Amino acid sequence: MSVTVGVLAACTVLLNGCAQEGSGSSVPAPSEITSNNAQARSCEAPLGCSEFTSVRGSDAAGDVAWLGTHPLIVSLRRANGERILSVRTPCNYVQVEVSVNDDVLTPGWRTATDRGCKEPTGSYQAWTEKLFDQPVQWTLDGDTLTLKNSHATIELKEN
């Protein structure tokens, strides 16, 4: 029993020493985590904190009806110094780092979730990713956002 008490006393001393100020602990306080997250994500021009849902669209083949029945949901945020365009597709999520110059969103890196999509939503995912393979011109008129490039034109309404 004296060995158990000795071990417990040693552990208590070690743990108390780790918790003392200046002990070199790198665990941030909860207030630091909250303030860092607030600084890491922010809303700004051109779309603010708004989300937009597709209502219609077209491409070289004509009307893209699924954009109204299985809509894309689009938002733009700044995270860790980068502008990230988030697109929820009928099956997955796509995030595209973009630079904004006047009325053009120029894509950088892109990532997507890879949940197995049954057709036709798998083709919707591929269609959406192709849209962001090239710069996209955007216009905002009231609550209507239009995204356009040589692949497609999409009209979205603010949620």
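1. Regarding the overall build of the protein chain
- Looking only at helices and strands, the protein chain features four helices and ten strands.
- The helix and strand sequence of the protein chain, counted from the amino end, reads α-α-β-β-β-α-β-β-β-β-α-β-β-β.
- Put simply, 47% of the contacts in the protein chain that link residues at least 6 apart link residues at least 24 apart.
- As displayed, the protein chain has an accessible area near 9700 Å², and 54% of this comes from carbon and sulfur atoms.

2. Quick word on the nonpolar core
- By size, the foremost hydrophobic cluster in this structure holds 26 residues, and its most contacted members are L85, F132 and L147.
- The set of elements that each furnish at least two residues to this core consists of α3 (66-69), β4 (73-79), β5 (82-88), β6 (93-101), α4 (121-131), β8 (136-141), β9 (144-148) and β10 (152-158).
- Among the elements that make up this core, the one with the highest residue count is β6 (four residues).
- What F132 contacts, discounting residues up to four positions off in sequence, is L85, V87, V96, P107, R110 and L147.

3. Focus: the confidence of the model for the protein chain
- Averaged over every residue, the pLDDT of the protein chain is 79; residues scoring 70 or more account for 72%.
- Least confident of the elements in the protein chain is helix α2 (residues 30-40), whose mean pLDDT is 38; most confident is strand β3 (residues 62-63), at 98.
- Contacts for the low-pLDDT stretch residues 1-40, under 50 throughout, to residues beyond four places or in other chains number seven contacts.

4. Observations regarding α4
- Every buried residue of α4 is listed here: T121, Y124, Q125, W127, T128 and L131. For α4, the arc enclosing every buried residue in end-on projection is 165°, short of the 170-degree limit, so these residues lie on one face.

5. Digging into the packing of aromatic side chains
- For the structure shown, the criterion picks out two aromatic pairs.
- Relative to Y124, the ring of W66 lies with its centre 4.1 Å away and its plane at 10°, an arrangement referred to as stacked. On the criterion of sequence distance, the pair formed by W66 in helix α3 and Y124 in helix α4 is long-range, its members being 58 residues apart. Accessibility assignment for this pair places W66 and Y124 in one class, buried.
- Taken together, a centroid distance of 5.3 Å and an interplanar angle of 85° make the contact between W66 and W127 edge-to-face. Taken together, the residues W66 in helix α3 and W127 in helix α4 connect sequence positions 61 residues apart.
- By relative accessible area, W127 is classed as buried at 11%.
- Taken together, the ring pairs connect W66, Y124 and W127 into an aromatic cluster.

6. Section: the pattern of salt bridges
- Summed over the entire model, instances satisfying the criterion amount to four salt bridges.
- Ionic pairing is found between E129 and R110, a salt bridge with its closest N-O pair at 3.7 Å. Note that E129 is positioned in helix α4 and R110 in strand β7 (residues 104-112), a separation of 19 residues in sequence.
- For R110, a relative accessible area of 34% corresponds to the partly exposed category.

7. What about the environment of V55?
- Tracing the sequence through the fold places V55 in strand β2 (residues 51-59).
- Each C-alpha atom, one on V55 and one on T144, is 9.8 Å from the other, the two residues being 89 residues apart in sequence.
- Those residues within four positions of V55 in sequence are excluded, and the remaining contacts are L67, G68, E155, L156 and K157.

Calculation rules
Residues numbered from 1 in each chain as written. Predicted model: local features only at pLDDT ≥ 70, side-chain atom pairs only at ≥ 80, totals over all residues. Heavy atoms only, no water. Helix = DSSP H or I, 4+ residues; strand = E, 2+ residues; numbered from the N terminus. Contact = heavy atoms within 4.5 Å. Areas by Shrake-Rupley, 256 points an atom, 1.4 Å probe, with all protein chains shown as cover. Core = buried A, V, L, I, M, F, W, Y, C linked by side-chain atoms within 4.5 Å. Buried < 20%, exposed > 50% of the residue type's maximum accessible area, 1.4 Å probe, protein only. pLDDT = per-residue confidence, 0-100. Arc of directions from axis to C-beta. Phe/Tyr/Trp six-rings, centres within 6.5 Å; stacked < 30°, edge-to-face > 60°. Salt bridge = Lys/Arg side-chain N within 4 Å of Asp/Glu carboxyl O.

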